[in-house]
Amino acid sequence: QKEVEQDPGPLSVPEGAIVSLNCTYSNSAFQYFMWYRQYSRKGPELLMYTYSSGNKEDGRFTAQVDKSSKYISLFIRDSQPSDSATYLCAMRRNSGGSNYKLTFGKGTLLTVNP
Amino acid sequence: DTAVSQTPKYLVTQMGNDKSIKCEQNLGHDTMYWYKQDSKKFLKIMFSYNNKELIINETVPNRFSPKSPDKAHLNLHINSLELGDSAVYFCASSQPGQGISNEQFFGPGTRLTVL
């Protein structure tokens, strides 16, 4: 079993739809949870992060972490064609030499159709 | 101003050749990374340096050798290139510490094709 599992999609939705992206993980030592967005032929860029369990909202984006279920989600409201990208979940521990190491999911390719 | 830059952007070469990819960051960060992204978009860490010291060395063939001449630069040299080395290689940097101060900033990637 991989440490982080993410459905690669592809996911295609109409403009204005609510999008739900998810990852599951097996390592209970993960404390920081991130979502990166990667446009085609570009490097990933940090979109949102959360520490431990809970929700975080930023504009049209909401990140949720459920540590008891080892499950994280990213919701996109009122999706726009400009949201079309690959979304990668990433997570890391909080201590020791592995503090800097991010473990990524495989990424979900999202297309928002106008 | 480009935060994390990589050269070259594209690299096409024959099997068996040796090649290098260069990375520079102007963010003043202490930590730099090399990642490999395969054709299925899976992004996997290869190496990490903190202040020129190797701190992460994942299971990578020893044909891959990172070199950090100073904390703003991290280069990747690959010997005896193989077909399976074809991928996009990303450099990243971050400032270590607790919380999101360790956000990793990625470069634009180097697309390596081995023929």
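Conventions used here
Residues numbered from 1 in each chain as written. Chains lettered and ligands numbered in written order. Predicted model: local features only at pLDDT ≥ 70, side-chain atom pairs only at ≥ 80, totals over all residues. Heavy atoms only, no water. Patch = residues over 30% accessible without salt bridge, like charges linked within 9 Å, V, L, I, M, F, W, Y side chains within 5 Å. Areas by Shrake-Rupley, 256 points an atom, 1.4 Å probe, with all protein chains shown as cover. Salt bridge = Lys/Arg side-chain N within 4 Å of Asp/Glu carboxyl O. Lys, Arg positive; Asp, Glu negative; His and termini not counted. Charge placed at Lys NZ, Arg CZ, Asp CG, Glu CD. Helix = DSSP H or I, 4+ residues; strand = E, 2+ residues; numbered from the N terminus. Contact = heavy atoms within 4.5 Å. Buried area = accessible area lost by both parts, 1.4 Å probe. Disulfide = S-S within 2.5 Å. Buried < 20%, exposed > 50% of the residue type's maximum accessible area, 1.4 Å probe, protein only. Phe/Tyr/Trp six-rings, centres within 6.5 Å; stacked < 30°, edge-to-face > 60°. Lys NZ or Arg CZ within 6 Å of the ring centre and 35° of its normal.

Peer 1: A description of a positive patch on the surface should follow, citing residues and the corresponding values.
Peer 2: A contiguous patch of positive charge, built from A:K2, A:K106, B:K40 and B:K44, is present on the exposed surface. Tracing the chain through its elements places A:K106 in the loop between β10 (103–104) and β11 (108–113).

Peer 1: Now, about the interface of chain A and chain B: what can you tell me, with residues and values included?
Peer 2: Of the residues lining the interface, 21 residues belong to chain A; the matching set on chain B comes to 26 residues. Here chain A and chain B share an interface that buries about 2100 Å² over both sides, 54% of which is from carbon and sulfur atoms. It is A:R41, A:Y100 and A:F104 in chain A that bury the most area against chain B; as a group they hold 30% of the surface buried on that side. The tally of links between chain A and chain B comes to one salt bridge.

Peer 1: Kindly report on the state of the cysteines, identifying the contributing residues and their values.
Peer 2: Residues and elements named next belong to chain B. All chains considered together, the criterion is met by two disulfides over all chains. Residue C23 pairs covalently with C91 via a disulfide, S to S 1.8 Å. Measuring the twist about the S-S bond at about -80 degrees, one finds the C23-C91 disulfide to be left-handed. With C23 in strand β3 (residues 19–25) and C91 in strand β9 (residues 87–94), the pair connects residues that are 68 residues apart, well separated along the chain. Judged by its relative accessible area of 2%, C23 falls in the buried class.

Peer 1: I'd love a proper account of unusual backbone geometry, names of residues and values included.
Peer 2: The step from A:G9 to A:P10 runs through a cis peptide bond, and the omega angle for that step is 10 degrees. Assignment of secondary structure puts A:P10 in the loop between β1 (4–6) and β2 (11–14). The peptide bond linking B:T7 to B:P8 adopts the cis configuration, its omega dihedral lying at -5 degrees. Checked against the element boundaries, B:P8 lands in the loop between β1 (4–7) and β2 (10–13). With a phi close to 55 degrees, A:K70 is a non-glycine residue in the positive phi region.

Peer 1: I'd like a description of the packing of aromatic side chains, backed by residues and values.
Peer 2: The description of an aromatic ring pair rests on the distance of the ring centres and on the angle between the ring planes. Residues and elements named next belong to chain A. Counted by the stated rule, this structure contains eleven aromatic pairs over all chains. The positively charged end of K56 is found above the aromatic ring belonging to Y49, 3.4 Å away from the centroid. The side chain of R92 reaches across the aromatic face of Y32, ending 4.2 Å from its centre.

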